[in-house]
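Working through the structure, step by step
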Amino acid sequence: MPSKAPKAQRSMIQKASLIFAPIVFILLWLLDLDPSRPEVSRMAAVAGAMAILWMTEAIPLAATALIPMVLFPLMGILSGKATAAVYFNSTIFLFLGGFLIALAMERWNLHKRIALVTVLAIGGGPSRIIFGFMVAGAFLSMWISNTATAVMMLPIALSIIKKMEAVFPETDTQNFSIALLLGIAYSTSMGGFATPVGTPPNLVLMRTFTQMFPQAPPIAFGTWFIMALPISIAMIAMIWFLLTSVLLKIPSHLSVDHAVMQAEYKALGPMTNEERKVLTIFALTAVLWIFRNDLVLGSVTLPGWGQLLPFPKMIDDGTVAVAMALILFFLPTKSDDAKSAMLLDPAVFTKLPWAVILLFGGGFALAAGFQNSGLSAFIGSQLKILERVTPVFMVATICTTLTFLTEMTSNTATTQMILPILSSIAVAMKTNPLLLLIPATLSASCAFMMPIATPPNAIIFGSGRIRMSQMIRTGFLLNVLGIMVVTAMFYFVGLFVFSIDPATAPMWALAAVN
C-alpha cells in the first residue's frame, strides 16, 4: 500500500491563537468603544479575531476570510445578503480576467519567451533581475491598475524562478524567489502613488479635496507627479536594497548564465501563431486600461476611449479584463499539438486561485464592516488629538496610523472615511488641509505586511511561494521605512511643491466653514 502523506501539524503559536483569538474577540466586544454605537465594538471584535487567525494561519486563510459571512449577520453589522454581495465585485473580476490572460501566456509559453528576453536585456545577476522587474512594475502601475500589473508580471517572474531552481539547489534560490515576488508586489504599489491616476486612494483624495474645498485650486497632475515621484523612486530603491542585501541576502554565485539563456531563447524558435495572438490580447488589454479614462497631463488632456461608448461611466477595468479574457475562448489554434481548438479551454478554470479570491473577498467584507459599523469613523475621530502636536509629529502620526490601518482594511475604503475627518481637523486647527490629506493618502498605499492589505500583495501571495510569516516579517520593517520616508520627504519636498505653510490656513480652507 502506498504510504500516507504526513498530516500537517499546527505549530504552538497556531494552537495558542485558536484560544487567544476568541479571548480577544470577547474582550473587544466587552470594551464598549462607542456607547452610542455598540456595533463599533462588535466590529472591532471580529477584526481583532480575524487579524490573529490571518497572521498565524491557525486555520486556512480562505476559511478566515469567510468569518464575516457568519458573524456580520449574527452581530447586526451587515446582513447576510449584503455581506455576500461584497465578496464579488469589479476588482475580483479584474483579478479573474487578468489571471485568465496570464494563464493563456503560460499555456502557450509566451511567459517563457518574455522571461528570457527580460533576462537577456537586463543581465543574469539576481539583484539586477529583481531591480528590472521592480522598475518595470513601478512604471506600468503609474498608468494602469497595480492589480493588473502584478497579475501580468507574476507568470514571467515564476518562469525565471523555475529556471534558477533548475540550475541551483532550493536552499540557494529560496531568498531570490521571495525577494523577486515581494519586489513585484511592493514596486507596483509604490509606482501607483506617483501619479494621481495610479491608485484608488489618490483618486479618492482628488474627489474628496474638491468636494470639501470647492474654492481651492485643483491638485494638478504635474504638481502631484513632481512631489510623489521622488518619494516613489526613493522607496523603490530602498526596498530593492533591503530585499536583496539585508532582509533576504542572495548568494553571490547565483546567476543565470547569459549563453545558456541565449541558447534557450533560440531553442524556442520563431514565435508561434498562438503566441502572437495571446501577446496581442495582452498588449491590447494594457493599452485599453491605460487609455480608458481621460489622461490629464498638465495642460494637455488625452481623451479616453471610454467616452466614445454610450455608457462610459458603466465601464471599468474589470469590464476590460473580462472582455479581453473572453476573446481567448473564441480565437482558434493552429497547432497540431493543441488539446483544444481554442486558445483557452474549460480546464483553465480549475487553475484559478479560488482560495486567494476568497481571501480577497474577505478583505472587502472586512472593509465594508469597518464602514457600516462606524469603526472607521471611530478610528479616524481618535486622530483629533493631533490638534495639539507639532506639524512633523502630526504627519508622522497620520502616516503610522494609515499605514497599519490599511493592513486590515481596503485602502480605498479607509481613505474615503478618513480624509473628510482629516479635512475637518485641519480647518479646526487653522492649517492647510493638504498637510494632513497628502501624507494620509500616500501612506494608504504603503501597507506591505498582509496579503489583504493591497491587491498586489494578495496576487503575489497567491503564487503559493510565500508564507504569511515571511510577508509579515519583511512587511513590518518596510512599513516602518515607509512611515519614515513619506514623513521626511513630504515634509521637506511636499511642503515646498504645494507651497504649504503649516502655521497658516489658506482662504479657501477658511471659506469652507463659512
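Everything here concerns the structure above.
Residues numbered from 1 in each chain as written. Predicted model: local features only at pLDDT ≥ 70, side-chain atom pairs only at ≥ 80, totals over all residues. Heavy atoms only, no water.

Details of the layout of surface pockets
In this structure, the second largest pocket occupies an estimated 280 Å³ of space. What lines the second largest pocket is a set of 13 residues, and nearest its centre among them are Ile114, Ala136, Leu140, Ile156 and Phe282. Looking at the lining of the second largest pocket, the elements with two or more residues in it are α7 (110-122), α8 (126-141), α9 (146-167) and α14 (273-290). Of all the elements, α8 adds the most residues to the lining of the second largest pocket, at five residues. Here the lining of the second largest pocket is composed, by residue class, of 11 nonpolar, two polar and no charged. (1 Å grid on protein atoms, 1.4 Å probe; cavity = no way out; pocket = protein on both sides within 12 Å on 5 of 7 lines; lining within 4 Å. Points joined across faces, edges and corners; volume = space filled by probe spheres on them. Helix = DSSP H or I, 4+ residues; strand = E, 2+ residues; numbered from the N terminus. Nonpolar A, V, L, I, M, F, W, Y, C, P; charged D, E, K, R; others polar.)

Observations concerning helix α6 (residues 90-107)
Between the first and last C-alpha of α6 there are 26 Å, a value that for 18 residues agrees with the 26 Å anticipated at 1.5 Å per step. A positive phi of about 65 degrees marks Asn109, the residue just after α6. (Expected span 1.5 Å × (residues − 1).)

A few points about empty space enclosed by the protein
Rolling a probe over the atoms, with the probe sized like a water molecule, indicates the empty space that remains. Applying the stated criterion across every chain yields a total of one cavity of 30 Å³ or more. What the largest cavity holds in volume is close to 50 Å³. Surrounding the largest cavity, Gly98, Ile101, Ala102, Val151, Met152, Phe282, Thr285 and Trp289 form its lining. Listed by contribution, the elements that provide at least two residues to the lining of the largest cavity are α6, α9 and α14.

Side note on helix α4 (residues 67-74)
Listing the buried residues of α4 in full gives Ile67, Pro68 and Phe72. All buried residues of α4 lie within an arc of 95 degrees about the axis, which places them on one face of the element. Structurally, α4 contributes buried residues whose contacts are with α2 (38-56), α3 (61-65), α5 (80-87) and α16 (354-373). After α4 finishes, the residue Gly76 shows a positive phi value of roughly 70 degrees. (Buried < 20%, exposed > 50% of the residue type's maximum accessible area, 1.4 Å probe, protein only. Arc of directions from axis to C-beta. Contact = heavy atoms within 4.5 Å.)

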